[in-house]
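Structural characterization, general
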Amino acid sequence: MIRYQLSSEPAKRLAECVKQVITKEYELFDFRRTEVPPLLLIVDRSDDAITPLLNQWTYQAMVHELLGINNNRIDLSRVPGISKDLREVVLSAENDEFYANNMYLNFAEIGSNIKNLMEDFQRRKPKEQQKLESIADMKAFVENYPQFKKMSGTVSKHVTVVGELSRLVGERNLLEVSEVEQELACQNDHSSALQNVRRLLQNPKVTELDAARLVMLYALHYERHSSNSLPGLLADLRTRGVSEKYRKLVSAVVEYGGKRVRGSDLFSPKDAVAITKQFFKGLKGVENVYTQHQPLLQETLDQLIKGKLKDSQYPYLGPNTLRDRPQDIIVFIIGGATYEEALAVYNLNRTNPGVRIILGGTTIHNTKR
């Protein structure tokens, strides 16, 4: 079974091409017949251009956003004072137990999990007891104990990665930047958002990329707002000395994923339940301020699992439709997926027994890509 996003011409074309291949190579697909046929859902990145532009706070997504993951490899050669053997590291859930257990956890938990691992080792060596209060303490600890390094190259790798993430968060003022990004993605208070974007554009710690990203998010959300102040923000970017290549991206991202292009309503909750959820999310307090955003894909898949995804927006290809609840779902995002969406799929798989979702896409995005 194939469903595709109606508002996207590429999604329709890809759906038709896949159908042709299945029809032509029928024998290849005539194995392991299941009671409920698997479902392929094809969607378009342009329906949600917000998700790839946000800073991330879970381990895997954060590493990709700030350092970049390329075929499971991370280039750490630019890290100040990096040792030779850590210039490039591999992060793979298949052969790195710590990474497999921590890739979907938030940044605060990662730090404390590394600390626990190292303290566990210290407990076995009481003579060398020392307190681990900061990332710097941990790095010093790892460097000073060759036998520990030998035993646990994994830990030295993760201490280095987390240390660099921590340095970049401070250097680029990312906690503050991320808070405003989340406000732009999830709230609807235009004057507060505008004021906060303007304030951060004046901050010298905010990088060119982060300044441009804030203006892009503003442009996507408040594109048709009666008090839209995009020209003023673009002027602020110019005054700040942000290069033309970044300034041009603001109009490019609206052209790519603006209201005219989108098939869904990206910014306003669809029903009373969603509005209530958003209200309670707002009440939950500060610890969630950096992770309020849920990618559009989460809602799309949730609706699909419940049998509520509208045929008018995501039609089936051909006359057949699925009567039963889908069990095997392959979702493919034309234009690329993100690790935030991978996390959403992981959580949906965990909370919906009997449903298996696989996420695919033309690439894995971070903001730079």
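The chain is annotated in an unreviewed UniProt entry as Vacuolar protein sorting-associated protein 45 of Nothoprocta perdicaria. Looking at the chain in UniProt, the text filed under Sequence similarities (unreviewed entry) is "Belongs to the STXBP/unc-18/SEC1 family."

Concerning the overall build of the chain
From N to C terminus, the chain includes 15 helices and eight strands. Here the chain holds 369 residues, and the buried ones make up 46% of them. Counting contacts in the chain only where the partners sit at least 6 residues apart, residues at least 24 apart contribute 74% of the total. Accessible surface computed for the chain: about 19,600 Å², of which carbon and sulfur atoms make up 51%.

Digging into helix α7 (residues 153-171)
Residues three or four positions apart in an α-helix share a direction because the helix packs 3.6 residues into each turn. For α7, which comprises 19 residues, the first-to-last C-alpha distance of 27 Å matches the rise-based estimate of 27 Å (1.5 Å per residue) to within 8%. A positive backbone phi angle near 60° is found at N173, which sits one or two residues after α7.

A look at the packing of aromatic side chains
One pass over the full model with this rule turns up four aromatic pairs. Between Y59 and Y99, the aromatic rings sit 6.0 Å apart at their centres with planes inclined by 70°, giving edge-to-face as the arrangement. Taken together, the residues span a long stretch of sequence, with Y59 in helix α2 (residues 59-66) and Y99 in helix α3 (residues 97-102) at a distance of 40 residues. Like Y99, Y59 is buried.

Section: the pairing of strand β2 (residues 39-44)
β2 sits mainly inside the fold: six of its six residues count as buried. Neither face of β2 is exposed, since L39, L41 and V43 on one face and L40, I42 and D44 on the opposite face are all buried. Pairing analysis gives three bridges linking strand β1 (residues 2-4) to β2, with the strands arranged parallel. Across the sheet, the residue bridging to Y4 is I42, located in β2. Traced from β1 through helix α1 (residues 9-24) to β2, the parallel crossover comes out left-handed. Of the pairings in the sheet, the one linking β2 to strand β5 (residues 328-334) comprises six bridges and is parallel in character. Residue pairing across strands places I42 opposite F332, the latter belonging to β5.

What to know about the packing of helix α8 (residues 174-186) against helix α9 (residues 190-201)
Where α8 contacts α9, the axes come no closer than 10 Å and their chain directions differ by 155°. Regarding the angle of α8 to α9, the classification is roughly antiparallel. Judged by the twist between their axes, the crossing of α8 over α9 is left-handed. Where α8 approaches α9, its residues E176, V177, V180, E183 and L184 are matched on the opposing element by S192, A193, N196, V197, R199 and L200.

Overview of the nonpolar core
As a rule of thumb, nonpolar side chains are buried together in soluble globular proteins. Grouped together as the largest cluster of nonpolar side chains are 73 residues, with contacts concentrated most on Y59, V63, I114, M118, L165 and L184. The element that contributes the greatest number of residues to this core is helix α10 (residues 208-221), accounting for ten residues. Setting aside chain neighbours within four positions, we find Y59 in contact with F98, Y99, N102, M103, L105, I110, H158, V161, V162 and L165. Formed by 20 residues, the second largest nonpolar core is a distinct cluster that contains I305, L322, I329 and L348.

Quick word on the side chain of S46
Within the element layout of this structure, S46 appears in the loop between β2 and α2. You can call S46 buried: its relative accessible area is 8%. With residues near it in sequence (within four places) discarded, S46 still touches Y256, G257, V261 and R262.

A few points about helix α15 (residues 339-351)
For α15, which comprises 13 residues, the first-to-last C-alpha distance of 18 Å matches the rise-based estimate of 18 Å (1.5 Å per residue) to within 8%. When α15 is considered as a whole, its buried residues turn out to be Y339, E340, E341, A342, L343, A344, V345 and L348. Where α15 is buried, its residues touch α2, α14 (296-305), β5, β6 (337-338), β7 (356-361) and β8 (364-365).

Regarding unusual backbone geometry
Its identity is not glycine, yet N72 carries a phi of approximately 70°, on the positive side. Along the chain, N72 falls in the loop between α2 and β3 (73-75). A relative accessible area of 36% places N72 in the partly exposed class. Phi at N173 is positive, roughly 60°, even though this residue is not glycine. With respect to the helices, strands and loops of the structure, N173 is situated in the loop between α7 and α8.

Remarks on the side chain of Q5
You can see Q5 is positioned in the loop between β1 and α1. When sequence neighbours within four positions are dropped, the list of residues in contact with Q5 reads A11, I42, V43, D44, D47, Q313 and Y314.

A short note on the packing of α10 against helix α12 (residues 244-257)
Put simply, α10 and α12 touch, their axes get as near as 9 Å, and they point 30° apart. Considering the relative orientation of α10 and α12, their crossing is right-handed. Touching E208, L209, A212, V215, M216, A219 and L220 of α10 are Y246, L249, V250, V253, V254 and G257, all from α12. Along the lines of polarity and charge, the residues of the contact of α10 with α12 split into eleven nonpolar, one polar and one charged.

Rules used in this analysis
- Residues numbered from 1 in each chain as written.
- Predicted model: local features only at pLDDT ≥ 70, side-chain atom pairs only at ≥ 80, totals over all residues.
- Heavy atoms only, no water.
- UniProt positions renumbered as here; feature names shortened; annotations may be inferred.
- Helix = DSSP H or I, 4+ residues; strand = E, 2+ residues; numbered from the N terminus.
- Buried < 20%, exposed > 50% of the residue type's maximum accessible area, 1.4 Å probe, protein only.
- Contact = heavy atoms within 4.5 Å.
- Areas by Shrake-Rupley, 256 points an atom, 1.4 Å probe, with all protein chains shown as cover.
- Expected span 1.5 Å × (residues − 1).
- Phe/Tyr/Trp six-rings, centres within 6.5 Å; stacked < 30°, edge-to-face > 60°.
- Pairing = 2+ DSSP bridges.
- Right-handed = clockwise from strand over helix to strand, strands pointing away.
- Axes fitted to C-alpha atoms, helices over the stretch in contact; angles between N-to-C directions.
- Parallel < 35°, antiparallel > 145°, perpendicular 65-115°, else oblique.
- Left-handed = near helix turned anticlockwise from the far one by under 90°.
- Core = buried A, V, L, I, M, F, W, Y, C linked by side-chain atoms within 4.5 Å.
- Nonpolar A, V, L, I, M, F, W, Y, C, P; charged D, E, K, R; others polar.

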